[in-house]
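Residue-level listing of the chains:
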Amino acid sequence: KMNAKIILYLFPYFFFFFYRPEFTGAECEVPVNTCTNSSCFNNGTCIQGSGVFTCSCLPGYSGQRCEIKINACDSNPCHNGATCHSRSGSYACSCPVGFTGSNCAVRIDYCANFTCANGGTCNNGLVGASCNCILGFTGQYCEVNINECLSGPCRNGGSCVDKNNSFHCVCPQETRGSLCEDGM
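Within any chain, residue numbers begin from 1 and follow the written order of that chain's sequence. Note on the predicted model: pLDDT of at least 70 is required for a residue's local features to be given, and 80 or more for side-chain atom pairs to be given and counted; whole-chain, interface and lining totals, by contrast, use all residues. Hydrogens are left out, water is left out, and the side-chain values use all remaining heavy atoms of the structure.

Undergrad: Can you lay out the pairing of strand β6 (residues 53-56) for me, pointing to particular residues and giving the numbers?
TA: Remark: a regular strand shows side chains that alternate across the two faces of the sheet. Pairing between strands is defined by DSSP: at least two bridges between the two strands are required. Secondary structure elements follow DSSP: runs of H or I of four or more residues count as helices, runs of E of two or more count as strands, with numbering from the N terminus. Where strand β5 (residues 45-48) and β6 come together, four bridges link them in antiparallel fashion. For Gln48, the partnering residue across the bridge sits in β6 and is Phe53.

Here it is, written out as structure tokens:
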């Protein structure tokens, strides 16, 4: 019983033998199973072909025999300075402050849930939102009207009336001017 198919060709004065190891059996009609327990590495599945085998690799491995471990971070999938962590055939990104999404490509919109009062505009920062207040207002949310009368701008007994980003002096009868500075 031969373990291979031998083909004999006769040429004048020469004999050529071709050994075909991919078959067995009395007539070399049975394909040899080339899959063994060690055919594929890293728990790859051996798939028998015609005298040869191929390996179907688990996620995270490649190569003819699943011998190459794939590092999904090699393609730099994480953005904005994120840290990539290779997992079995995939990856995960640790996003820096201010970014989100599977690849850290989405800037967090802190202004979406943040309201500024009195005409202030929201400023989307890296760690949160803040308000840019119009003149005459202050506070975290521009909720505080700056009292321009606190500095005592009215003279000669004039009364100060605070307004948005301004003031008005009510002068006694004997004075005049925007600050009641001129006596009569």
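Undergrad: Account for the state of the cysteines, with residues named and values stated.
TA: A covalent bond between the sulfur atoms of two cysteines is what we call a disulfide. Put simply, a disulfide is two cysteine sulfurs that come within 2.5 Å. Inspection of every chain in the model, using the stated rule, returns twelve disulfides. Covalent S-S linkage joins Cys40 and Cys55, the inter-sulfur distance amounting to 1.9 Å. Handedness here is read from the sign of the S-S torsion; for Cys40 and Cys55, about -90°, the answer is left-handed. In this pair, Cys40 sits in the loop between β4 (30-31) and β5 while Cys55 sits in strand β6, placing the two residues 15 residues apart along the sequence. In this pair, the class of Cys40 matches that of Cys55, namely buried. Two residues, Cys154 and Cys169, share a disulfide whose sulfurs are 1.9 Å apart. As the torsion about the S-S bond is roughly -95°, the Cys154-Cys169 disulfide counts as left-handed. On the criterion of sequence distance, the pair formed by Cys154 in the loop between β16 (144-145) and β17 (159-163) and Cys169 in strand β18 (residues 166-170) is long-range, its members being 15 residues apart. A simple rule labels every residue: compare its accessible area, found with a 1.4 Å probe on the protein chains alone, to the largest value its type can have, and call it buried under 20%, exposed over 50%, or partly exposed in between. You can call Cys154 buried: its relative accessible area is 14%. Its relative accessible area of 6% is what places Cys169 among the buried residues.

Undergrad: Provide a residue-level description of the packing of aromatic side chains, including the pertinent values.
TA: To pair, rings of Phe, Tyr and Trp, with the six-membered ring standing in for Trp, must have centres within 6.5 Å; the planes then decide the type, stacked if under 30 degrees apart, edge-to-face if over 60, and tilted in the middle. Within the structure shown, the criterion is met by one aromatic pair. Here the aromatic rings of Phe114 and Tyr141 are separated by 5.2 Å at their centres, their planes lie at 40°, and the arrangement is tilted. With Phe114 in the loop between β12 (106-107) and β13 (121-124) and Tyr141 in the loop between β15 (137-138) and β16, this pair connects stretches of sequence that are 27 residues apart. Overall, the relative accessible area of 35% leaves Tyr141 in the partly exposed class.

Undergrad: Could you give me a rundown of the confidence of the model for the protein, with the residues and numbers involved?
TA: Caution applies to low-pLDDT parts of the model: their predicted coordinates are not meant to be read in detail. For the protein, per-residue confidence averages 85 on the pLDDT scale, and 84% of positions sit at 70 or higher. As a per-residue measure, pLDDT tells how confident the predictor is, with possible values from 0 to 100. Residues count as neighbours in contact if any of their non-hydrogen atoms are within 4.5 Å of one another. Contacts for the low-pLDDT stretch residues 1-11, under 50 throughout, to residues beyond four places or in other chains number 30 contacts. Predicted confidence is poor over residues 14-19, with pLDDT under 50, and the contacts of this stretch with residues over four places away or in other chains come to 17 contacts.

Undergrad: Tell me about the side chain of Ser39, residues and numbers included.
TA: Examined against the element boundaries, Ser39 turns out to sit in the loop between β4 and β5. For this analysis, a polar contact is any N or O atom pair within 3.5 Å, provided that within protein one partner can donate a hydrogen and the other can accept it, and provided that sequence-adjacent residues contribute only side-chain to side-chain pairs. Within polar-contact distance, the side chain of Ser39 engages the backbone nitrogen of Thr36 at 2.6 Å. Ignoring any residue separated from it by four or fewer positions in sequence, one finds Ser39 in contact with Thr34, Cys46, Phe53, Cys55 and Arg65.

Undergrad: An account of a nonpolar patch on the surface is needed here, citing residue identities and associated values.
TA: Like-charged residues are merged into a patch within 9 Å and nonpolar side chains (Val, Leu, Ile, Met, Phe, Trp, Tyr) within 5 Å, provided each residue has over 30% relative accessible area and no salt bridge. Methods summary: accessible areas were calculated by the Shrake-Rupley approach with a probe of 1.4 Å, and residue burial reflects only the protein chains presented. In what follows, salt bridge is the name for a side-chain nitrogen of Lys or Arg lying within 4 Å of a carboxyl oxygen of Asp or Glu. Taken together, the side chains of Val97, Leu126 and Val127 define a hydrophobic patch exposed on the protein surface, amounting to about 320 Å² of accessible area. A relative accessible area of 71% places Val127 in the exposed class.

Undergrad: If you had to explain the environment of Asn145 to someone new, which residues and values would you point to?
TA: The residue Asn145 is located in strand β16 in this model. Assessed through its relative accessible area of 30%, Asn145 is described here as partly exposed. Put simply, Asn145 and Lys163 are 18 residues apart on the chain and 8.6 Å apart in space, counted from C-alpha to C-alpha. Excluding residues that lie within four positions of it along the chain, Asn145 makes contacts with Gly136, Phe137, Asp162, Lys163 and Asn164. Within polar-contact distance, the side chain of Asn145 engages the side chain of Asp162 at 3.2 Å.

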